[in-house]
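Per-entry structural report
Here is what each chain is made of, one letter per residue.
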Amino acid sequence: MLVEKKHIKDKLDRPLRDLRISVIDRCNFRCKYCMPAEIFGPDFKFLPREELLSYEEIERIARIFVRLGVEKIRLTGGEPLLRKDMPVLIKMLSSIEGLSDIALTTNGVLLPKLARQLAEAGLKRVNVSLDSLNDELFGEINGRNVGVAPVLQGIKAAKEAGLGVKINMVVKKGLNDQEILPMASFCKKEEIELRFIEFMDVGSTNGWKMDDVVTKKSIFELVNSEYDLEETEPAYFGEVARRYRYKGSDVHVGFISSVSESFCSSCTRARLSANGQIFTCLFNGNGLDIRDFMRDGAKDEEIKDRIISIWNHRSDRYSDERTAETIANRKKIEMSYIGG
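Residues numbered from 1 in each chain as written. Predicted model: local features only at pLDDT ≥ 70, side-chain atom pairs only at ≥ 80, totals over all residues. Heavy atoms only, no water.

**Considerations on the sheet that holds strand β11 (residues 277–279)**
Across the sheet, 12 strands lie side by side as β7-β8-β9-β6-β5-β4-β3-β2-β1-β10-β11-β12; this open sheet has mixed pairing. A strand with exactly one partner marks an edge of an open sheet, and here the two such strands are β7 (229–231) and β12 (288–289). The pairing of strand β1 (residues 18–22) with strand β10 (residues 269–272) spans four bridges and is parallel. Across the sheet, D18 pairs through a bridge with R269, a residue of β10. (Pairing = 2+ DSSP bridges. Helix = DSSP H or I, 4+ residues; strand = E, 2+ residues; numbered from the N terminus.)

Set out below in structure tokens:
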């Protein structure tokens with residue numbers, strides 16, 4: 001029997017459709033735009049184990065979110081594959097009636113070991129972060145001097161396991177913007193969908209400046225000058241990437257433009273942090289507790305009512321309203337706590 005869903009909307013009439021779950025705040029990389037090594041050094045205090053949501057707690061919360069209209073779940077981190085026994089969580093989530101898609105964002109280096117197990121457990125897709133095909137530059141960006149080969153091996157393992165694969169490339173001016181065309185060429189040849197992502201002002205440790213942003217318009221014009229692109233219709237309401245097809249092929253390239261071309265009006269995402277806080281916007285640092293409420297004995301119906309209240313009161317549209325003042329004065333949450 002299909003689960004009966006209660007579809008809810010926020011103050012701007014946006015439905016709840018997607019849930020991003022951060023399962024861990026740790027990562028084996030130290031990417032400059034997310035977890036710079038000078039901040040997240042050897043003495044950095046990560047969340048202790050008891051503060052992380054257990055798999056049973058994640059599954060319980062996810063099941064309630066699905067009852068409220070969520071159709072897709074994406075697992076993030078930190079690096080989610082650092083969390084022990086991830087296929088176990090995938091299998092638990094894949095049993096939720098009414099959930100149509102489970103995806104995962106990863107740096108890819110652990111996929112050769114885990115891809116097949118993840119696919120067998122019910123994972124559908126992976127987005128692999130890869131910001132350059134140049135070994136030296138990629139090692140500088142990831143802060144660990146890890147070359148490109150381990151990530152490419154992870155992509156290969158994911159494809160062989162039957163997982164859908166996309167590559168995420170964050171573009172920062174003066175760092176890796178010269179890698180735009182090589183990455184487009186590589187992904188077209190390998191028939192992998194590429195997502196160009198504008199450098200975003202998430203958190204307070206990545207030194208974000210507007211001058212460092214390479215806009216979607218600039219990236220599109222560069223790629224389109226080399227490869228003729230044609231826009232395709234969104235696959236669903238709330239899709240964050242503007243997608244194009246290389247003419248004469250079935251290979252797509254997407255652009256996530258949360259800085260230069262806001263998509264707040266169609267945002268359908270809630271985020272659950274590794275320590276059980278609900279965030280209603282990537283740029284809103286005011287998390288709302290669900291973990292302690294649950295651990296204090298709340299029943300499913302009470303948890304459901306709390307989630308409904310949180311979403312019904314949501315009015316976030318930060319990218320629409322981004323100004324020097326809002327950048328300076330808003331409360332921030334690091335990306336490693338709530339994923340991208």
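**A word on helix α9 (residues 300–312)**
For α9, which comprises 13 residues, the first-to-last C-alpha distance of 18 Å matches the rise-based estimate of 18 Å (1.5 Å per residue) to within 8%. Every buried residue belonging to α9 is among I303, K304, I307, I308, I310 and W311, and all of these are buried. Each buried residue of α9 sits inside an arc of 160 degrees when the element is viewed along its axis, so together they form one side. In this fold, the buried residues of α9 make contact with α1 (55–67), β10, β11, β12 and α8 (291–295). (Expected span 1.5 Å × (residues − 1). Buried < 20%, exposed > 50% of the residue type's maximum accessible area, 1.4 Å probe, protein only. Arc of directions from axis to C-beta. Contact = heavy atoms within 4.5 Å.)

**What about the side chain of K216?**
Residue placement: K216 occurs in helix α7 (residues 216–226). There is a polar contact of 3.0 Å between the side chain of K216 and the side chain of Y244. Contacts of K216, omitting those with residues within four sequence positions, involve E198, R242, Y244, F255, S257, S260 and E261. (Polar contact = N/O pair within 3.5 Å; in protein donor to acceptor, adjacent residues only side chain to side chain.)

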